Every structure is written in structure tokens, then in C-alpha cells.
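Given next are the chains, with one letter for each unit.
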Amino acid sequence: MDSLLLDQVRAQLPGTLEEFLGRLGPEVERKVTEGIRDAAGNLYRGTPTQCGMLGDVLVDYSWEKLNSRSWKEVEREWRCVYSYGCLFKAMGLCSSPTKENVKEALRVCDMGLLMGAEVMDNVLGRIVHVLQGAVCAEQRFDPDTLSLEQKHHGPVSRDPRVRDDQSVKGQKRMRDNKLEDDLMNCSSSEKVPSLLTPVPGVDTMVRRLHCPSLEHFKEHFLIPQKPVILEGVIDHWPCIKKWSLDYIQRVAGCRTVPVELGSRYTDAEWSQRLMTINEFIDKHILNKQSNIGYLAQHQLFEQIPELKQDISIPDYCCLGEGNEDEITINAWFGPAGTVSPLHQDPQQNFLAQILGRKHIRLYSVDETENLYPFESSILHNTSQVDLENTDLNKFPRFSQAAYEECILSPGQILFIPVKWWHFIRALDISFSVSYWWS
Ligand SMILES: O=C(O)CCC(=O)C(=O)O
Ligand SMILES: [Fe+2]
């Protein structure tokens, strides 16, 4: 790593200390504001090591605040402090730009992007872009890269499944070793001739259409709220041809992302961890022995704009009342066997399948009574029924619930109407992109 890199990183900051300080918000405790000023002063006076040390203190201090209450109660100011701390810490690391330090600086900036709030017009995003060029270029997908020691980090306390006060998704993950057995016990096992590729019956199959017009989609599916698979709509998206494990590693392998580990929610071991995409692919996609890990419901395309260029927003979203920038785009990337238990979401959804196939079961919102949602407010959008191990003694009405199902394949988009219940199991290594829109 050379001083050119440091210059490129420095170029992302304002030219003078006065300009830098001009952007600070003074809402937090005085000693914290002073810490930020001090760190900035050191940065601009040419003592970046001290800047880095103060950054460390700010990160630790604000991390406590971020973790001291539920995520939605954390004030934005503390998330800003965390971002500033990450910025200063990264600048300290970049001042002695060894390979390890630059990798660590990239991780620190990603932590700021994931857990902090945007500061200085996304300065962390710009710095990451510079660092990523240097780090990812060296980490092409090969066996040596995969065994690189990557720093492991503790559980993420932020709950990324919380969307708003009303919408907490209590999805939990099912363990690998139970999957085959459980599918055997599935209430509809007679409809599942092959464990790996369930075949939906003709009477329950989700309809498929090739590039319907906006009017047709609106009249026949959006207004009556009926699911449908749209084909031929995303064939031209670059991701369809470009995305492979190799490509994802090349573009994003060194980036830190949240990964769900485990298991069903009755399992106390279900957790989330932060790790690089390289580590995720190594441990959870290529190494079949390990626990199921799922890069689930993560706004990856906000974090990694390079990948956003490979996707688009389905035209049909314009039929909604909201603006395009209100659409939530999530990535769902994982091995075969990831399970999203039966749940509902508060918005319309286009689930675009890019890599691999998924088995999806859908129940209309009218079936809610028969699906036994949890009573707790936190899990009210999740069914108590385990679709792969149905207990009809406990949930007798479940057998009456009508459903539709499909195997969603690459290049297809599934329209899931608002609040329609969905259960999803990946049959292959899979990458889906969901669009929640209104
Ligand atoms: O693909 C999955 O595992 C879950 C997707 C989902 O629940 C959604 O897009 O709302
Ligand atoms: Fe969902």
C-alpha cells in the first residue's frame, strides 16, 4: 500500500479543519463534541495516530450507547458519533497503510455504514470506495484467499429486521441437519416427490406470465391482490449474466455484512454476526459442514453501489403511490437450505430471483385465522406453524388453509401482495433481491 492511497482517502475530506468542523452537529454531550473536535484537529494538524486513538475512544463510547437500548430508540446523534469515530479510526489506520491496516480500515468504515448514520454526504461510503479498490483487487476468489484470516466480530445488537414500530419480522432460521427430516414430515409431503425439488401441484401452482403490460398486471393482479410470477422482465438486468460467487467476491468479497446464523426461533443459538462476504462464502456457502448462514434482508445495494448497477427497479413499481426512493431493496444470499418461516410483510413485494431456485408457499391474508400468528407484538406477523413439521393437533385449522406455491427460478420475479403469508426455502445456492413497495 502506498501514500497515493492515503492521498486518495484524504481527498474525500474537506480541505480545511474549519470546513470539517462546520459540518459537525453539537447535539451530544460536550466531552464527546470536544473529542470529535480534538480528533479532527489531530487529523488536520498531521498527527493521524492520535486522531486514530481518539477515534477508537469515540467508537467504543458510542458503541455502548448504540447497544444500551433497542435499535429504534437509539438517537441519530449517537449513530453520527459512531460514524465519526469510525472515520477517525480509519484515518489513523490509513496513516500507516500496511495491507492489514487498510483491510481493517475498510472493515471499520463498513461498521460505520452498517451501524452509524450518514455524515458529511456519505464520507464513509466514499472512503470505502477508495479502500475497496485497493483491498478487493488483491482478494480474487481462490483457495488461498478463502483461508485468509479475517477478523471475526461479535453478535450484532442492532436488529436489522425491525422496519418500523409495526413491523418486526420474527423470522428465524432452521438448522441444516433437520431440514431433510422435517421436509419428510411436511403436511403436504405427498406433494413433494423429491426432497430437493418439490413439485407444486397444478391446482396450487402460482400463475406465470411473460412480460404483461402495466395495465394487465394492475387489473388482474395488483388490484385483486393475486400473486403471479413475471417472466422475461429482468432478463436484461446485468446481474443475470454477471453474478456468480467469483464475481460477488471480486466486487464485494472484502466488505463486511450481517449474517444470520442458525436455526429456528426456538433455538437459543440463533444469532447474527458481522463478517466479510469472503468469509461468508467460505464458511457458509462452500463449506457444507458448517451451520446455515444467511445474508438475509440486508440493504446491500445501499452499502455497495457497485452491485446496484447490476440491478434495476421493476417498472411495475410505478403503479404504487410511493416514490421510487421509498422502495426498500433487500438482498437475500445464502446456501441451499435457508428457510424463511411463514410470515407476512406490510408492503407489496417483488421478489426477483437471480441465482438458484427457491420453493415458495403463499397463503392469502384471508387465511390468517388458519395460520395461527404469534400473539406477541414482536412476532405478530409470523405463523406459529412450522410448515416443515406441522403439528395438526396443535394447529388443526391449518389443514384447511388454501395455498399457492412455486419453484422460483433465476430470471423470474414473484409478486407477493401486501400481507400475503410466505414461506421460503432455498433449493440451491441462491441470491434473491426483494423490492418492498407501496
Ligand atoms: O427469500 C427469503 O428467504 C425471504 C424473502 C422475504 O421474506 C421477503 O422478500 O419478504
Ligand atoms: Fe418476507
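Along each chain, residue indices are assigned from 1 in the same order as the chain's sequence is written. Ligands are numbered from 1 and chains lettered from A, in the order in which they are written. In keeping with the predicted nature of the model, local features appear solely for residues at pLDDT of at least 70, side-chain atom pairs appear and are counted solely at 80 or more, and the whole-chain, interface and lining totals rest on all residues. No hydrogens and no water enter the side-chain calculation; it runs on all heavy atoms of the structure.

A. Examining the overall build of the protein chain more closely. Of the regular secondary structure elements, the protein chain holds 16 helices and 15 strands. Contacts are assigned to residue pairs with any non-hydrogen atoms lying within 4.5 Å of each other. For the protein chain, the proportion of contacts with a sequence separation of at least 24, taken over those separated by at least 6, is 78%. Shrake-Rupley sampling with a 1.4 Å probe provides the accessible areas, and residues are treated as covered by the protein chains on show and by no other component. Of the roughly 19200 Å² that the protein chain leaves accessible, carbon and sulfur atoms contribute 50%. Strands are runs of DSSP state E lasting at least 2 residues, helices are runs of H or I lasting at least 4, and numbering of each runs from the N terminus.

B. Structural detail: the packing of aromatic side chains. Each aromatic pair joins two rings of Phe, Tyr and Trp (for Trp, the six-membered one) with centres within 6.5 Å, and gets the label stacked for planes under 30 degrees apart, edge-to-face for over 60, and tilted for any other angle. Counted by the stated rule, this structure contains 23 aromatic pairs. Ring geometry for F350 and F415: centres 5.6 Å apart, planes at 45°, overall tilted. Of the two residues, F350 sits in strand 10 (residues 348-355) while F415 sits in strand 13 (residues 413-416), which places them 65 residues apart along the sequence. The buried category is assigned to F350, whose relative accessible area is 0%. Here F415 falls in the buried class, since its relative accessible area comes to 0%. On the basis of an interplanar angle of 45° and a centroid distance of 5.8 Å, the ring pair of Y363 and F398 is categorised as tilted. One end of the pair, Y363, is in strand 11 (residues 358-363); the other, F398, is in the loop between helix 16 (368-371) and strand 12 (404-408), and 35 residues separate them in sequence. Taken as a pair, Y363 and F398 share a single burial class, namely buried. Relative accessibility under 20% of the residue-type maximum defines a buried residue, over 50% an exposed one, and the middle range a partly exposed one, all with a 1.4 Å probe and only protein chains included.

C. Summary view of the site of ligand 1. By convention in these notes, a residue is near a molecule or strand provided one of its non-hydrogen atoms lies within 4 Å of it. Taken together, the neighbourhood of ligand 1 is formed by 13 residues, with Y294, S340, D345, N349 and K358 sitting nearest. Here a polar contact is taken to be a pair of N or O atoms separated by no more than 3.5 Å, where protein atoms must pair a possible hydrogen donor with a possible acceptor and residues adjacent in sequence count only if both atoms sit in side chains. Contact between ligand 1 and D345: an oxygen atom at 2.8 Å from a side-chain N or O atom of the residue. H422 is positioned with one of its side-chain polar atoms (N or O) 3.2 Å from an oxygen atom of ligand 1. Burial of ligand 1 by the protein chains amounts to 100% of its free accessible area of 300 Å². Of the residues belonging to the shell around ligand 1, the class tally is five nonpolar, six polar and two charged. Three categories are distinguished: nonpolar for Ala, Val, Leu, Ile, Met, Phe, Trp, Tyr, Cys and Pro, charged for Asp, Glu, Lys and Arg, and polar for the others, with Gly belonging to the last.

D. Spatial organisation of the environment of L230. Along the chain, L230 turns up in strand 4 (residues 228-231). Judged by relative accessible area, which is 0%, L230 ranks as buried. Between the C-alpha atom of L230 and that of R207, which follows or precedes it by 23 residues, the distance is 8.7 Å. Residues contacting L230, with those up to four places away along its chain left out, are L209, P212, F217, Y316, F350, G411, Q412 and I413.

E. Main features of a negative patch on the surface. Like-charged residues within 9 Å of one another, or nonpolar side chains (Val, Leu, Ile, Met, Phe, Trp, Tyr) within 5 Å, are grouped into patches, provided each residue has over 30% relative accessible area and no salt bridge. For salt bridges, the criterion is a side-chain nitrogen of Lys or Arg within 4 Å of an Asp or Glu carboxyl oxygen. The charged-residue count follows a simple rule in which Lys and Arg add positive charge and Asp and Glu add negative charge, with His and chain termini not counted at all. Lysine's charge is taken at NZ, arginine's at CZ, aspartate's at CG and glutamate's at CD. A cluster of acidic residues, D315, E324, D325 and E326, forms a negative patch on the protein surface. Note on placement: D325 falls in the loop between helix 15 (305-308) and strand 8 (328-334).

F. Broad picture of the sheet that holds strand 14 (residues 421-426). The antiparallel open sheet is built from four strands, whose spatial order is 9-14-11-12. The open sheet has two free edges, formed respectively by strand 9 (339-343) and strand 12, since each of these has just one partner strand. Here the strands of the sheet are splayed against their neighbours by 15° on average, with no regard to which way each runs. The sheet contact formed by strand 9 and strand 14 spans three bridges and is antiparallel. By the bridge assignment for strand 14, S340 is matched with I424. The pairing criterion for strands is at least two bridges between them, as found by DSSP. Axis definition: a line fitted to C-alpha atoms, limited for helices to the stretch in contact. Angles are taken between N-to-C directions and run from 0 to 180 degrees.

G. How the structure looks around the nonpolar core. To define a nonpolar core, start from buried Ala, Val, Leu, Ile, Met, Phe, Trp, Tyr and Cys residues and group those joined through side-chain atoms within 4.5 Å. Formed by 52 residues in total, the largest nonpolar core has its most connected members in L13, F20, Y84, L87, F88 and L131. Only helix 1 (3-10), helix 2 (17-22), helix 3 (30-45), helix 4 (48-67), helix 5 (76-95), helix 6 (99-115) and helix 7 (123-136) provide two or more residues apiece to this core. The residues touching L87, leaving out its near neighbours within four places in the chain, are L13, F20, M120, V123, L124 and I127. In this structure, L245, F280, I304 and Y435 belong to the second largest nonpolar core, which totals 46 residues.

H. Local environment of the pairing of strand 7 (residues 293-298). For strand 7, the tally of buried residues reaches six of six residues, placing the bulk of the element in the interior. When strand 5 (residues 256-261) meets strand 7, the two strands line up antiparallel, connected through two bridges. What sits directly across from E260, in strand 7, is Y294. Here strand 7 runs beside strand 8; their pairing, made up of two bridges, is antiparallel. Across the sheet, the residue bridging to H298 is A331, located in strand 8.

I. Structural detail: the sheet that holds strand 4. Read across the open sheet, the nine strands follow the order 3-4-13-10-15-8-7-5-6; overall the sheet is mixed. The open sheet has two edge strands with one neighbour each: strand 3 (208-210) and strand 6 (271-276). Strand after strand, the sheet turns through a mean of 25° between neighbouring axes, direction not considered.

J. Just the coordination of the iron ion (ligand 2), in detail. Distances define the donors: N, O and S atoms within 2.8 Å of the metal qualify, as do those within 3.2 Å of Na, K or Ca. Water is excluded, so some sites may look unfinished. Surrounding the iron ion (ligand 2) are the protein donor atoms H343 (NE2), D345 (OD) and H422 (NE2), at 2.1 Å. Between consecutive donor residues of the iron ion (ligand 2), the sequence gaps follow H-x1-D-x76-H. Here H343, found in strand 9, pairs with H422, found in strand 14; they are 79 residues apart in sequence, far enough to count as distant.

K. Broad picture of the pattern of salt bridges. With the rule as written, the count across this model stands at 16 salt bridges. Residue K65 pairs with E29 through a salt bridge whose shortest N-O separation is 3.4 Å. Here K65, found in helix 4, pairs with E29, found in the loop between helix 2 and helix 3; they are 36 residues apart in sequence, far enough to count as distant. R107 is the partner of E104 in a salt bridge, and the nearest nitrogen-oxygen pair spans 2.8 Å. Residue E104 and its partner R107 are located together in helix 6, separated by three residues, close to a single helical turn.

L. Seen up close, the side chain of Q353. Of note, Q353 is situated in strand 10. With relative accessibility at 0%, the residue Q353 sits in the buried group. Setting aside its immediate chain neighbours within four residues, Q353 contacts I234, I240, K358, L408, S409, P410, G411, Q412, S430, F431 and S432.

These results come straight from atomic positions and should not be treated as a statement about function.
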